[in-house]
Structure formats: C-alpha cells, structure tokens
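Residues per chain, in single letters:
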Amino acid sequence: MVTSRQDTKVTVIGAGPAGLGCAALLKQMGIKDADMVILDASTVGSSFKAWPKEMKLITPSFPSNGYHQTDLNAITPDTSPGFSVGKEHLSGDEYAGYLNSVASHYEIKVLENTQVIQVEPQPYDHFLLTTNTGKRIYSQYVIWAGGEYSSPRMSAFEGSHLCVHNSEITSWKECEEDHYVVIGGYESGVDAAYNLASLGKKVTLIDNGGEQESTYDPSKVLSPYTAERLSAMANSHLVELEQNFSVKQVLSSADGFRLVSTNGKAVVSKGIPINCTGFDTHLGPVHELFKYENGLPLVNNFDESICQNNLFLAGPKLAHDTVLLCFIYKFRGRFALPCKVIGTELDLDMSILSHYKQAGMLLDDLGCCVTQECFC
Ligand SMILES: Cc1cc2nc3c(=O)[nH]c(=O)nc-3n(C[C@H](O)[C@H](O)[C@H](O)COP(=O)(O)OP(=O)(O)OC[C@H]3O[C@@H](n4cnc5c(N)ncnc54)[C@H](O)[C@@H]3O)c2cc1C
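Residue positions are counted from 1 within each chain, in the order its sequence is given. Only residues with pLDDT of at least 70 get local features here, since the model is predicted, and only at 80 or more are side-chain atom pairs given and counted; chain-wide, interface and lining totals rely on the full set of residues. With hydrogens and water excluded, all non-hydrogen atoms of the structure serve as input to the side-chain values.

## What to know about the overall build of the chain
We count a stretch as a helix when DSSP gives it H or I for four or more residues in a row; a strand needs E for two or more, and each element gets its number in order from the N terminus. The secondary structure content of the chain amounts to ten helices and 19 strands. Each principal axis of the C-alpha atoms in the chain carries an extent, and together these give about 65 × 50 × 35 Å. For each residue, the accessible area found with a 1.4 Å probe, counting protein chains only, is set against the maximum for its type, and the residue is called buried under 20%, exposed over 50%, and partly exposed in between. Relative to its full complement of 376 residues, the chain shows a buried share of 52%. In the chain, 64% of the contacts between residues at least 6 apart in sequence involve partners at least 24 apart. In this tally, Asp and Glu contribute negative charge and Lys and Arg positive charge; neither His nor the terminal groups of the chain are included. All charge positions are set by atom: Lys at NZ, Arg at CZ, Asp at CG, Glu at CD. Computed over 28 positive and 43 negative side-chain charges, the separation of the two mean positions in the chain equals 3 Å. Two residues form a contact once any of their heavy atoms are found within 4.5 Å.

Structural data, given as structure tokens:
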C-alpha cells in the first residue's frame, strides 16, 4: 500500500445528506478546493442505494422553495429532490441521484471508496486521519457525517443473530415464506409489514409499546405517510398487530422461529424474523472523541464535541436535550452551525447564511422545537 499525506483545513467524513449539506454550504462560503476534503467509504449516497428497493422516503418532497418552505428533503435552499426527480416520495436510489446532482452542481469533489479508519488528535486541536487506502490527512477541522446505516442494532435481544435486519434486505421480493414476524412497530417495521402484505404474505407486526405518545413530532410517533399505510393494512386481514410485546429471546424451532416476550407471551414466525429495531449510535473512528448521555453524543451549541475542539457532528445522531434531529429536514437546519465557526475562523464569506435563515435552514435557536405545538 502506498502511503501519502495531504494537509487541509476541513475534512468531511461521509457523503450522505449531512456531509454533502455541510460541504455545499462551505463551498457557497467560498472555501477553496485545497482547503476541504470530503471522503466516503463507499459512494455518494451509498446508504440510500442500500435501502430495500421498495422503500421510499416517508417525508414528502415538494418544490416549494421559492416561498421560504424549502423542500423537506433538500439539503440546500436552492435544490429540491421533488423538482429534480419529479416525485413526492423518492426511493433510496432516486434520492442518491439527487445527492449526486447536488455534488455536481456545487462542484463538490468526493474521494469515494476511501474509509477513514482512525482519527488521532494532534497538538493545537488538529487531527491526523488514516484511511484504508493508505492516504493520510492532516486537518484543522473534522466534520463527522458518517450516518448510522453501518451500525444496525443487532443486539437488542437474545438470539438476534437469528433474525435479518431490515437494512440487509435488498428487495422484499426475496422473502419467499408465506408468514413473517416483523419486530418493531415504528417507521421501518410498518414499511416492512406493508411491503410484505403487498406481496400477499401474512405478517405479525410486533410492537413493544401500547398506544402512541400524544405528540405530533414524527421522531416520536408514526408519520402521516406511515399511519395511512398502516390503516390501509388494517382492512387487508394479512397483518396482525401484537402490541406490548417486548422481545426477550428468539429461538429456532421445528416450524421456524419462536419469539418470546419479556412477559412470557410467544409467537411463531415461519420466515426469518425481521429486525426493525433501528440503529445503534456508533460514530466510527471518532466514537471515543465524544462523551455520551442516554446513548447520544454530547455537543455544544455549535455541534462540536464537548471533549474535543474542532470536531463537529452532523446528521441524525444530533440531539440537544429533548430535541432529536433525526430527519433530514431537522438536521439540515444545523449545517450552518459548524460552518459558521469554521467560516469565521477561516475568514470565509458568511453572507449566504441570511439566505439559509430565510429558507428555514438555520436552526440556531432550538427553543422553537421544544415549545411548538400543533393544536389541531
Ligand atoms: C429505512 C430508512 C428510511 C428513512 N426515511 C427517511 C425519511 O423519509 N426522511 C428523512 O428525513 N430521513 C429518513 N431516514 C433517515 C435518513 O436516511 C438518515 O437520517 C440520513 O441518511 C442520514 O444522513 P447522513 O448523511 O448522516 O448519513 P448517510 O446517508 O448514512 O451517509 C453517511 C455516509 O458516510 C459514509 N461513511 C460512514 N463511515 C465512514 C468512514 N469511516 N469513512 C468514510 N466514510 C464513511 C457512508 O459510506 C455513507 O455514504 C431514513 C433512514 C432509514 C434507514
């Protein structure tokens, strides 16, 4: 392996919506190409390309940007997946296509197939990054935007190795049995149940909760898109909902698999149980450079690690107290915060930030997220 070293100012790890969104903003602030490196372990938008073929974004796209209502899935104020793809609910492949067009529009060069395997803090709050290709990067700032797709939750209960995680499904058409148990009654679980039932399969959908929380926040309750699909399934007689069933253990049995709950109930699955319990928090090579509370990384008001200067977090693992920023339309509002710190220190042109503010893409006061209510 040939090793080489590059010195730069900013390194963005990950070319999904979070990494590209930050890179696009820094480009609009006038950062020079030599001062920013964007790396991806795979390709631009690769997490989206890995989605099951039938899966679609639950958040709708609509090209309403001109009226200060930026398309919910856009990562810059002047682009719209709804416009570029012409669909309201994009598939993973289609959204990856949108991300590629953003990269080419803002002339963002991504170093693909380059995985960062180590990030070592250096004197004066700099970093030395090592990649799997032998390339090393010495950088003043690091933005971690590696997403969560590489950390499927595989140890939520005993026997979870006997299940398949929904992120491992290429297409629901691969499921050949006539009955499946789906574990997890949130977005991806309902999506799995819906797609299996659409193929004529019987599904037992296991949910560890009872009634939904009384909030409108789609980070905590089903989105309207999913709720609509769930109620359509209620009349199909193919999907049975098993509530208050918290899986304790999955066992192989003569007729398939046996799932036992913490309160002693049991269900049998003919097909391999489908684990839709989500993703763990693992921040790859920067994991140890953050502190955690309730499993979430602790960041300051600029989304910088509270224990490592110049290391910023972008993407769905961002949380501030009770505010979870796990959707694109939420975490995109925070791109401006790390970029503001970096832009100020590197003396970049910050005038673009007023456009971001007007477009609803500068969420510097999270008070609105806590107190906002939908009365009806
Ligand atoms: C099934 C499913 C449905 C969803 N639906 C919606 C929805 O409708 N609306 C919505 O807003 N959100 C949705 N989300 C959430 C959304 O997909 C994520 O929030 C989003 O992908 C996060 O963006 P990201 O850029 O942080 O991560 P990703 O899109 O995962 O991008 C991270 C990139 O980092 C790269 N990477 C990781 N580690 C390294 C490393 N060490 N070195 C170099 N590169 C690395 C990866 O290859 C990847 O390309 C959904 C998620 C899932 C799983």
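## Describing the packing of aromatic side chains
By convention, a stacked pair of Phe, Tyr or Trp rings (six-membered ring in the case of Trp) has centres within 6.5 Å and planes under 30 degrees apart, an edge-to-face pair has planes over 60 apart, and any other such pair is tilted. Under the counting rule described, the total for this entry stands at six aromatic pairs. Connected via pairs of aromatic rings, a cluster forms that spans Phe48, Trp51, Tyr95 and Tyr98. Residue placement shows Arg229 over the ring face of Tyr194; its charged tip is 4.4 Å from the ring centre. Note on criteria: charge over ring means Lys NZ or Arg CZ within 6 Å of the ring centre, with the direction from the centre no more than 35 degrees off the ring normal.

## So, the sheet that holds strand E13 (residues 266–269)
Strands pair, by our definition, only if DSSP identifies at least two bridges between them. Pairing within the open sheet is antiparallel, and its three strands lie in the order E11-E12-E13. A single partner strand is all that each edge strand has here, and the edge strands are strand E11 (247–253) and E13. Within the sheet, the average angular offset between the axes of one strand and its neighbour, ignoring direction, is 20 degrees. Taken together, the six bridges between E11 and strand E12 (residues 256–261) define a ladder with antiparallel strand orientation. By the bridge assignment for E12, Val247 is matched with Ser261. Helix axes are fitted only over the stretch in contact, all axes being lines through C-alpha atoms; the angle between N-to-C directions runs from 0 to 180 degrees.

## Observations concerning the environment of Asp78
Within the secondary structure, Asp78 sits in the loop between helix H2 (46–49) and helix H3 (81–85). On the accessibility criterion, Asp78 (47% relative accessible area) is partly exposed. Residues Asp78 and His355, spaced 277 residues apart in sequence, show a C-alpha to C-alpha distance of 9.6 Å. Excluding anything up to four places from it in sequence, Asp78 contacts Gln28, Asn65, Tyr106 and His355. Here a polar contact is recorded for every N or O atom pair within 3.5 Å, except that within protein the pair must consist of a potential hydrogen donor and a potential acceptor, and residues adjacent in sequence are included only if both atoms are side-chain atoms. Engagement of the side chain of Asp78 in a polar contact is seen with the side chain of His355, the distance being 2.9 Å.

## Things to note about the site of the ligand
Neighbouring residues of the ligand: 34 residues in total, closest Asp40, Ser47, Ile58, Thr59 and Ile328. Between the ligand and Ala18 there is a distance of 2.9 Å, counted from an oxygen atom to a backbone nitrogen or oxygen. The contact in question runs from an oxygen atom of the ligand to an N or O atom on the side chain of Ser47, over 2.5 Å. Within the residue set of the shell around the ligand, elements represented by two or more residues are helix H1 (17–28), H2 and helix H7 (328–331). The element best represented in the shell around the ligand is H2, accounting for three residues. One heavy atom within 4 Å of a molecule or strand is enough for the residue carrying it to be called near that molecule or strand.

## Comments concerning the packing of H1 against helix H8 (residues 336–345)
Two elements in contact, H1 and H8, have axes whose closest approach is 10 Å; the angle formed by their N-to-C orientations is 40 degrees. As far as their axial angle goes, H8 and H1 are oblique. H8 is crossed by H1, and the crossing has right-handed handedness. Mapping the contact onto sequence places Cys22, Leu25 and Leu26 in H1 and Ala336, Cys339 and Ile342 in H8. Orientation labels follow simple angle bins: below 35 degrees gives roughly parallel, above 145 gives roughly antiparallel, 65 to 115 gives roughly perpendicular, and whatever is left gives oblique. Left-handed is the label given to a crossing in which the near helix is rotated counterclockwise from the far helix by less than a right angle, and right-handed is the label when the rotation is clockwise.

## A closer look at the domain arrangement of the chain
Size of an interface: often given as the accessible area lost when the parts come together. For the purposes of this description, domain bounds are those given by an automatic or database domain assignment. Domain annotation for the chain reports domain 1 (4–150 + 280–371) and domain 2 (160–275). The C-alpha-based centres of domain 1 and domain 2 are spaced at 31 Å. Both faces combined, the contact of domain 1 with domain 2 buries some 1,300 Å², and carbon together with sulfur accounts for 53% of it. We define buried area as the total accessible area lost by two parts upon association, computed with a 1.4 Å probe and summed across both. If you sort the residues of domain 1 by the area they bury against domain 2, Pro52, Glu54 and Ile58 come out on top, with a joint share of 40%. The rule for a salt bridge is simple: a side-chain nitrogen of Lys or Arg has to be within 4 Å of a carboxyl oxygen of Asp or Glu. Taken together, the connections running from domain 1 to domain 2 amount to zero salt bridges. Counting the contacts that link domain 1 with domain 2 gives three residue pairs in polar contact (both at pLDDT 80 or more). Broken down by class, the residue content of the side of domain 1 that touches domain 2 amounts to eleven nonpolar, two polar and four charged. Classification convention: Asp, Glu, Lys, Arg as charged; Ala, Val, Leu, Ile, Met, Phe, Trp, Tyr, Cys, Pro as nonpolar; all other residues, Gly among them, as polar.

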